Amino acid sequence: MTDLPIPPGALSGLKVVEMGQLIAGPFAGKTLADFGAEVIKIEAPGSGDPLRNWRLIQDGTSVWWQVQSRNKRSIALDLRSAEGQDIARRLIGEADVLIENFRPGTLEGWGMSYEQLSAANPGLIMLRISGYGQTGPYRDLPGFGAIGEAMGGLRHLTGEPGRVPVRCGISIGDTLAALHGTIGVLMALYHRQAHGGKGQVIDVALHEAVFNVMESLVPEYSAFGAVREAAGSALPGIAPSNAYRCGDGYVLVAGNGDSIFKRLMSAIGRDDLGNDPALADNAGRVKRVAEIDAAIEAWTRTRSVAEVMEVLNGARVPVGKVYTAKDIVEDPHYRARDMILRQPTRDGHVVEVPGIVPKLLGTPGSVRHSAPKLGDDTDAVLREIGLTEQQITALRERKVVA
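Figured I'd write up the structure that's included with this text. Per chain, residues are indexed from 1 in the order of the written sequence. Predicted model: local features are reported for residues with pLDDT of at least 70 only, side-chain atom pairs are reported and counted for 80 or more only, and whole-chain, interface and lining totals are derived from all residues. To get the side-chain values, take all heavy atoms of the structure and skip hydrogens and water.

### Structural notes on the overall build of the protein
- Each helix and strand counted, the protein has 18 helices and 13 strands in total.
- For the protein, the spread of C-alpha atoms along the principal axes amounts to about 85 × 50 × 40 Å.
- Taking the intrachain contacts of the protein between residues at least 6 apart in sequence as the baseline, contacts between residues at least 24 apart amount to 67%.
- In this description, accessible areas are obtained by the Shrake-Rupley approach with a 1.4 Å probe, and a residue is regarded as covered only by the protein chains that are shown. Surface accessibility of the protein: about 20100 Å² in total, with carbon and sulfur atoms responsible for 56%.
- When the 43 positive and 47 negative side-chain charges of the protein are each reduced to one mean point, those points stand 1 Å apart. Secondary structure elements follow DSSP: runs of H or I of four or more residues count as helices, runs of E of two or more count as strands, with numbering from the N terminus. Whether two residues are in contact is decided by their heavy atoms, any of which lying within 4.5 Å being enough. The charged-residue count follows a simple rule in which Lys and Arg add positive charge and Asp and Glu add negative charge, with His and chain termini not counted at all. Here the site of a charge means atom NZ of a Lys, CZ of an Arg, CG of an Asp or CD of a Glu.

### A few points about the packing of aromatic side chains
- Only rings of Phe, Tyr and Trp enter the pairing, Trp through its six-membered ring, and a pair is recorded when the two centres are within 6.5 Å. The plane angle decides the type: under 30 degrees is stacked, over 60 is edge-to-face, the rest tilted. Throughout the structure, instances matching the rule amount to 4 aromatic pairs.
- The interplanar angle of 80° and the centroid separation of 5.7 Å between the aromatic rings of Y132 and Y138 together place this pair among those described as edge-to-face.
- Here the basic side chain of K30 rests over the ring of F27, its NZ or CZ set 5.1 Å away from the ring centre.
- Only lysine NZ and arginine CZ atoms are considered, and such an atom sits over a ring when it is within 6 Å of the ring centre and within 35 degrees of the ring normal. Over the face of the ring belonging to F261 we find R285, whose NZ or CZ atom lies 5.0 Å from the ring centre.

### What to know about the pairing of strand β5 (residues 72-76)
- Relative accessibility thresholds used throughout: buried, under 20% of the residue-type maximum; exposed, over 50%; partly exposed, between the two (1.4 Å probe, protein chains only). Most of β5 is tucked away: 5 of the 5 residues are buried.
- Residues K72, S74 and A76 line one face of β5 and the alternating positions R73 and I75 line the opposite face, and both faces are buried.

### Structural notes on the pattern of salt bridges
- In the sections that follow, a salt bridge refers to a side-chain nitrogen of Lys or Arg positioned within 4 Å of a carboxyl oxygen of Asp or Glu. In the structure shown here, the tally under the stated rule is 28 salt bridges.
- The partner of R346 in a salt bridge is D376, with the nearest N and O atoms 2.8 Å apart. One end of the pair, R346, is in the loop between β12 (340-344) and β13 (350-354); the other, D376, is in the loop between β13 and α17 (378-384), and 30 residues separate them in sequence.
- Judged by its relative accessible area of 26%, R346 falls in the partly exposed class.
- Residue class for D376 comes out partly exposed when judged on its relative accessible area of 38%.
- Via salt bridges that share partners, E18, K41, D49 and K72 belong to a single interconnected network.

### A few points about the packing of helix α1 (residues 24-34) against helix α7 (residues 172-194)
- Throughout, an axis means a line fitted to C-alpha atoms (over the contacting stretch in the case of helices), and angles, computed between N-to-C directions, take values from 0 to 180 degrees. Between α1 and α7, the least distance of the axes is 8 Å, while the angle of their chain directions is 50°. Compared by their axis directions, α1 and α7 come out oblique. As for how α1 packs across α7, the hand of that crossing is right-handed. Here A24, F27, A28, T31 and L32 of α1 come into contact with α7, specifically with D174, T175, A178, L179, T182, V185 and L186.
- In this classification, Asp, Glu, Lys and Arg are treated as charged, Ala, Val, Leu, Ile, Met, Phe, Trp, Tyr, Cys and Pro as nonpolar, and every other residue, Gly included, as polar. Looking at the contact of α1 with α7, its residues break down into 8 nonpolar, 3 polar and 1 charged. Oblique is the label for every angle not falling under 35 degrees (roughly parallel), over 145 degrees (roughly antiparallel), or within 65 to 115 degrees (roughly perpendicular). In this scheme the handedness of a crossing depends on how the near helix is turned from the far one: anticlockwise by less than a right angle means left-handed, clockwise means right-handed.

Note that all results are geometric; they support no functional claim without further evidence.
Here you go:
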C-alpha cells in the first residue's frame, strides 16, 4: 500500500521506537502512530512479534496484526547481539519516545537502562509496561494482562454470583495499561516542552492500570468493610440497570435516573411503580431491585429486541442491543462516524478494521499505511541512521538484521 495524501496528524514529527510485543506496548505505539507519530517497531529476525500469528490468519498473517501495527515501520533486529544493541541505541538516540514491555531488567541486561540511554538523549521519554512495575517485591514475576485483571480486582467482579470468575472476552488489562501509558507519554511530552526539555520514565504496571478504573471498590471497603462481589449483568447499588431477556435476545436498560425511571415504568405499563414514592430515588429502588427487574423482564420477554428498542428509545430511556461483530459492521452509526474503515493489506487483501479514537476535529488521526511485513523497513531505517549498503549487507550476512 502506498502512502496516502493525508494531512499531518497531531503527533506528526514525533519519533517513537517500539520494542514491545503482543498487546500492551504495541497498543500504545498504535495509538501514537494513528495520530501521526513515526513509530519504528523493532522485531526479532525470523519470528517477529508473536501477535503476527495470533487468532485468525490470512495468508500467514493475523488480521489482528493489520490493526495493531498499521502506520508503523518494521525493522528486524537481533537485540541479543552486541551489534543489534548498538543499532538500537542509535535509533533510540534520535527518538522522542521508547516503548518497551519486557520483564523488568531485560533492557538493563542489554546495556540499555534509562540512565545509559538518557545520557546520550536527555529528552528521551521511556514508557515501560510490565506485570507489576519496575519496583516492589513482585517486579521480577512474569505477568500477563489476565493476571493484572485478577490482581487489580476486576476478575472478582466478572461473572455470575457464586460461579467461576470469567474474563470479559478481550485482553482488557493489556489495553488499559497501554492507554494509561499513552496518557503518560503525552503528559511527559508536555512537561518536556514546558520545563527545559528533559525526558523521564513512565512506569505502568498491568494490575495498577486495572485497579485505577475500579471505581469505589477500596473506599467502600475502607469505610464500611464492604467487599464488592460479582453481580452478573447488574450494576450493584444502582437500580434499575441490568440485562433483560427478550423474545429473541437481550437488551441492556439503564433506567436508574429518577425521571428516567418514571418514563421507563410508564413505557412498560407499570405506572404503579413509577409513581410509588418509595421508589422515587435510587436508595429506595435498590431495596426493591428484584421486584423492579422482574417487572421489566416480564415486559421484555414478550417482545422482540427491535420492539423493545423502539419503545424505550421513544420514551428516552437508555437502552442497548447486545452487539455482535456482525451488528457492529452493519450499524449505520458506526459507518457514519468512520468507525469501520476499509484497509488494504500488503498481501493484496482489503479488511475492515476499527476506526480511530478519539476524534480530533482539527488534527484527526488517519491510516497512512498498512501494517508492515517483518523487516519491510529494515534497510530504509538503517540508511536513515547513516549505515552504508555494504554495512547493511554485512549485518544481514551475520543475521543481525533481516
